[in-house]
Amino acid sequence: MSKLMVIMSQSVEMKGNMPPHSPAHNTGHLFPNSQVYPGMPQQAPGQVQGKTNPGFQGSTDGLAAPPATNVPYGGQAVPAMVWMPPPSTPANCPPRLEYLSQIDQILVHQQIELLEILTGYETNNKYVVKNSLGQQIYFAAEQTDCCTRYWCGPARPFTITIIDNSGREVMRVSRPYRCCSCCACACCLQELQVEAPPGTTIGYVVENWHICLPKFTVLNEKREGVLKINGPCVACSCCSDVDFQVTSLDETAVVGKISKQWTGLLREAFTDADNFGIQFPLDLDIKSKATLFGACFLIDFMFFEHSQNN
């Protein structure tokens, strides 16, 4: 009995001498490889500053959303957008794209480049990708050399890298050069390839020839048709949004849309920085969601990227 009492007393002393963040003192879960810390206040996707957001349509199961501002913890700054993937990864989901299974809308905001406004020199496009609550979920950046941007303008071939909030590349979209003259429209149609992760193709977006309407087909990795995208006859915005309808393959049902949003007279006149909204069914295959995301960049370059050099 005396030996048992000595062992118990030693155990209590050891526990009392442990650092405050050790597992013995922490009642929550530890995530050593993430940015979510015990005791950090959490904000559910359907809430903004403690209020319920009626516009949120996604599921909150298994999703730990971040607070709206940085929260210092133990002398460290926690990023404003911290995301933990759902506990059950959807089938056939590319790595680091699990978050797309939780949402039915993406906002793509192109950044304004001051050098481009002042000099007219075309710079690489950069986009901030957000969810419906305005929280950044991805960042996209074009990688094109200056000569290609200058001489080819909006028709230039491009590669756009998409990274997550931890700085890891999760997706890549690329467009080869296609002649855009009127006599070559039927034989040199635009095409976009989507890779996730980079090196693994998950889909394509190909242009369909039409005499006056912009039309595209969304293909899977086997180049089989999945969805259609149909745009307006005149793809220009004047105090209103421009919608590209996403339909079923037989074009009998509208399942979503890619909208170029009106950003105001001054911004539309003096910059080519555009805002887009992408809507799709919540239960749509993640690869198809990612391919529609990539289609947004193709539409931007084809119809809304103004050349200030030519």
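Computed from a predicted model, the values in this text were never measured in an experiment.

Asks: A description of the overall build of the protein should follow, citing residues and the corresponding values.
Replies: On a plain count of helices and strands, the protein comes out with five helices and 16 strands. Expressed as a percentage of its 310 residues, the buried residues of the protein come to 43%. A fraction of 44% describes how many contacts in the protein between residues 6 or more apart in sequence connect residues 24 or more apart. Summed over its atoms, the accessible surface of the protein is roughly 16,300 Å², and 58% of this surface lies on carbon and sulfur atoms.

Asks: Explain the pattern of salt bridges to me, using residue names and the numbers behind them.
Replies: For the structure on display, the rule yields eleven salt bridges. Lys215 is the salt-bridge partner of Glu251, the closest N and O atoms lying 3.8 Å from each other. In this pair, Glu251 is assigned in the loop between strand 14 (242-247) and strand 15 (254-261) and Lys215 in strand 12 (residues 215-220), connecting sequence segments 36 residues apart. When its relative accessible area of 38% is taken as the criterion, Glu251 is described as partly exposed. Across the salt bridge formed by Glu221 and Lys287, the nearest N and O atoms sit 3.7 Å from each other. Taken as a pair, Glu221 in the loop between strand 12 and strand 13 (225-230) and Lys287 in helix 5 (residues 286-304) lie far apart in primary sequence, 66 residues in all. Residues joined in a network through salt bridges with shared partners are Glu122, Glu142, Arg156 and Glu305.

Asks: Please give an account of a nonpolar patch on the surface that cites residues and values.
Replies: Judged by side-chain polarity, Ile112, Leu114, Ile117 and Leu118 come together as a nonpolar surface patch covering roughly 410 Å² of accessible area. Inspection of the secondary structure assignment puts Ile117 in helix 2 (residues 114-119).

Reading the values: rules and limits
- Residues numbered from 1 in each chain as written.
- Predicted model: local features only at pLDDT ≥ 70, side-chain atom pairs only at ≥ 80, totals over all residues.
- Heavy atoms only, no water.
- Helix = DSSP H or I, 4+ residues; strand = E, 2+ residues; numbered from the N terminus.
- Buried < 20%, exposed > 50% of the residue type's maximum accessible area, 1.4 Å probe, protein only.
- Contact = heavy atoms within 4.5 Å.
- Areas by Shrake-Rupley, 256 points an atom, 1.4 Å probe, with all protein chains shown as cover.
- Salt bridge = Lys/Arg side-chain N within 4 Å of Asp/Glu carboxyl O.
- Patch = residues over 30% accessible without salt bridge, like charges linked within 9 Å, V, L, I, M, F, W, Y side chains within 5 Å.

By themselves these figures say nothing about function.
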